[in-house]
Amino acid sequence: QVQLVESGGGLVQAGGSLRLSCAASGSFSRINRMDWYRQAPGNQRELVAGFTSGGSKIYADVVKGRFTISRDYAKNTVYLQMNSLQPEDTAVYYCHAEALIRSDYRVYDYWGQGTQVTVSS
C-alpha cells in the first residue's frame, strides 16, 4: 500500500511562512497525483492546491498568489510553500495521493495523517 508522511506544520504569526512536505512510500507502481487539502474546525475538507491531469497547478481562490505547490517526482514528494499566512489559513492540512498499486494494478486514494497549521493574529 501507500504511506504518506507529512511534515512542516506549526505555529506562525500572520504574514509568516511555512513549507509543508509529504513523502509517499510503499508498494505502488506509480503515484498519479498528489494534492493538498485542509480542514478547519466545523468546516468540510477542501482542496488547497493540486495538479490537473495535464500537470498544470490549481489553487483554491483564497490561496492564489500566496501558496505554491511543487512536486519532486523522483522522490515521490509534494511540497506546499505557504506565504503571507493569515489566521483564516489555520487548519489541519492533509496530503492526498492517488496511486496505482502494484499487487492488483488498481488505483486507490490515500491520505496522510494531517499536520496542524496555526496562524496567530
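Residues numbered from 1 in each chain as written. Predicted model: local features only at pLDDT ≥ 70, side-chain atom pairs only at ≥ 80, totals over all residues. Heavy atoms only, no water.

Enquirer: Explain the nonpolar core residue by residue, including any values.
Expert: Formed by 32 residues in total, the largest nonpolar core has its most connected members in Val2, Leu4, Met34, Trp36, Leu80, Met82 and Tyr93. Elements with a minimum of two residues in this core: strand S1 (2-7), strand S3 (18-26), strand S4 (28-39), strand S5 (46-51), strand S7 (67-72), strand S8 (77-82), strand S9 (91-101) and strand S11 (115-120). The element that contributes the greatest number of residues to this core is S9, accounting for six residues. Not counting residues up to four positions away in its chain, the partners in contact with Leu4 are Cys22, Ala23, Ala24, Met34, Cys95, His96, Ala97, Tyr110, Trp111, Gly112 and Gln113. (Core = buried A, V, L, I, M, F, W, Y, C linked by side-chain atoms within 4.5 Å. Buried < 20%, exposed > 50% of the residue type's maximum accessible area, 1.4 Å probe, protein only. Helix = DSSP H or I, 4+ residues; strand = E, 2+ residues; numbered from the N terminus. Contact = heavy atoms within 4.5 Å.)

Enquirer: Now, about the pattern of salt bridges: what can you tell me, with residues and values included?
Expert: Per the stated rule, a full pass over the model turns up five salt bridges. Between Arg33 and Asp35 there is a salt bridge, with its nearest N and O atoms 3.2 Å apart. Classification of Arg33 by relative accessible area gives partly exposed; the value is 28%. In this structure, the salt-bridge partner of Arg66 is Asp89, at a minimum N-O distance of 2.7 Å. Taken together, the residues span a long stretch of sequence, with Arg66 in the loop between strand S6 (57-59) and S7 and Asp89 in the loop between S8 and S9 at a distance of 23 residues. Taken individually, Arg66 and Asp89 each receive the classification buried, so the pair is uniform in this respect. (Salt bridge = Lys/Arg side-chain N within 4 Å of Asp/Glu carboxyl O.)

Enquirer: I'd like to hear about the packing of aromatic side chains, residue by residue, with values.
Expert: Counted according to the given criterion, the structure contains one aromatic pair. Ring geometry for Tyr37 versus Trp111: centroids 4.9 Å apart, planes at 70°, classification edge-to-face. Remark: Trp111 occurs in strand S10 (residues 107-111) and Tyr37 occurs in strand S4; sequence separation between them is 74 residues. The class of Trp111 is partly exposed, set by a relative accessible area of 38%. Above the plane of the ring of Tyr94 lies Arg45, whose end atom (NZ or CZ) is 3.7 Å from the centre. Note that Arg45 overlies the ring of Trp111, its terminal NZ or CZ placed 4.7 Å from the centroid. (Phe/Tyr/Trp six-rings, centres within 6.5 Å; stacked < 30°, edge-to-face > 60°. Lys NZ or Arg CZ within 6 Å of the ring centre and 35° of its normal.)

Enquirer: So, the side chain of Ser21: which residues are in play, and what are the values?
Expert: Position of Ser21 among the secondary structure elements: in strand S3. Taking the relative accessible area as the measure of exposure, Ser21 reaches 17% and is therefore buried.

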